[in-house]
Amino acid sequence: MLIVERADPLAPGPRAILESSHALMREMFEPEENYFLDFEALRGDDVRFFAAREGDVTLGTGALALKDGYGEVKSMFTADAARGRGVAAAILRALEDEVAALIADGRISSRIDSENKHLVARDKETALRVMETHTMSDGTEKALVSRDQPTAEPIGWVIVQKE
């Protein structure tokens, strides 16, 4: 059974995954184009680090770096042998759950709901330009948004979370 949980990036399993990820990034990009977080940064108070495992075998990692009002996904990597088994999707769900908790605590103002392709925001101003709004039968408000340009086409619906 696949388990995704908070983890220590210096533990042997997560560390091995991260070392593979860092090696690949170093092969692909010049040093000034690499933005991965080092091990100590992944242990910081402003980072939520997760690992996916089956039993004692670590299959993948992912992290959420807390920024000024938002979270940035970092260190998403799946072991070669585990690719195509839903590991990254499970880690991303855990990161989205973490973001939802941080929104509830007022630490982050919006999130992307990757499954439904919605930007979930604390208020309409966080959600780009609002073109129109509707209240759904359960009282949830949604807004059709576009990029903040006068002639922009709609890009999708936003669910506005109530505090």
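Our structure's up above, just so we're on the same page.
Now for a description of the structure that goes with this document. One numbering rule holds for all chains: residues counted from 1, following each sequence as written. Local features in this predicted model are restricted to residues whose pLDDT is 70 or higher, and side-chain atom pairs enter the listing and the counts only when it is 80 or higher, whereas totals over whole chains, interfaces and linings include all residues. Side-chain numbers here rest on the full set of heavy atoms in the structure, without hydrogens or water.

Attention now goes to the overall build of the chain. Starting at the N terminus, helices and strands are each numbered in turn, a helix being any DSSP run of H or I of at least four residues and a strand any DSSP run of E of at least two. The number of helices and strands found in the chain is three helices and nine strands. In the chain, the order of α-helices and β-strands from amino to carboxyl end is β-α-α-β-β-β-α-β-β-β-β-β. For every residue, the accessible area obtained with a 1.4 Å probe (protein chains only) is divided by the maximum for its type, and the residue is called buried under 20%, exposed over 50%, and partly exposed between those limits. Looking at the chain residue by residue over its 163 residues, the buried ones come to 36%. In the chain, the share of contacts with a sequence separation of at least 24, taken over all contacts with a separation of at least 6, comes to 42%. In these tables, accessible area is a Shrake-Rupley quantity obtained with a 1.4 Å probe, and a residue counts as shielded only by the protein chains included in the view. In the structure as shown, the chain presents an accessible area of about 9,800 Å², 49% of it carried by carbon and sulfur atoms. Whether two residues are in contact is decided by their heavy atoms, any of which lying within 4.5 Å being enough.

Further remarks concern the sheet that holds strand β2 (residues 47-54). For two strands to count as paired, DSSP must find a minimum of two bridges between them. Ordered in space as β1-β2-β3-β4, the four strands form an open sheet in which the pairing is antiparallel. Both outer strands of the open sheet, β1 (2-6) and β4 (71-78), are each paired with one neighbouring strand and no more. For this sheet, the mean inter-axis angle between neighbouring strands, taken without regard to orientation, is 20 degrees. Here six bridges tie strand β3 (residues 57-66) to β4, and the two strands are oriented antiparallel to one another. Across the sheet, residue threonine 61 finds its bridge partner in β4, namely phenylalanine 77. As a rule, the C-alpha atoms of each element are fitted with a line to give its axis, helices using only the stretch in contact, and angles between N-to-C directions run from 0 to 180 degrees. Strands in contact with helix α1 (residues 12-28) are β2, β3 and β4; relative to β3, the strand with the most contacts, it is inclined by about 70 degrees. Where helix α3 (residues 87-104) meets the sheet, it contacts β1, β2, β3 and β4, and its direction lies at approximately 30 degrees from that of β3.

One less than the number of residues in a helix, times 1.5 Å, gives the span that helix is expected to have. Taking 1.5 Å as the rise per residue, α1 with 17 residues should run 24 Å; its terminal C-alpha atoms sit 24 Å apart, in good agreement. All buried positions along α1 are accounted for by Pro14, Ile17, Leu18, Ser21 and His22. Axial view of α1: buried residues confined to an arc of 135 degrees, hence all on one face. Turned more than 90 degrees from where α1 packs its buried face, Pro12, Arg26 and Glu27 sit exposed. By definition, the arc is the one covered by directions from the helix axis to the C-beta atoms.

Before going further, it helps to spend a moment on the environment of methionine 76. Summarising the element assignment, methionine 76 is placed in strand β4. For the pair methionine 76 and glycine 60, spaced 16 residues apart in sequence, the C-alpha separation works out to 7.3 Å.

Before going further, it helps to examine the side chain of threonine 58. Among the structural elements, threonine 58 can be located in strand β3. Setting aside residues up to four positions removed in sequence, threonine 58 forms contacts with Gly13, Pro14, Ile17, Ala51, Ala52 and Arg53.

Here we come to the packing of aromatic side chains. Stacked, edge-to-face and tilted labels apply to pairs of Phe, Tyr and Trp rings (six-membered ring for Trp) whose centres lie within 6.5 Å, assigned for plane angles under 30 degrees, over 60, and everything in between, in that order. Counting across every chain of the model gives zero aromatic pairs. Ring-over charges, as used throughout, are those where CZ of Arg or NZ of Lys falls within 6 Å of the ring centre and within 35 degrees of the ring normal. Residue placement shows arginine 15 over the ring face of phenylalanine 39; its charged tip is 4.3 Å from the ring centre. Lying over the aromatic face of phenylalanine 77, arginine 83 brings its terminal NZ or CZ to 5.1 Å of the ring centre.

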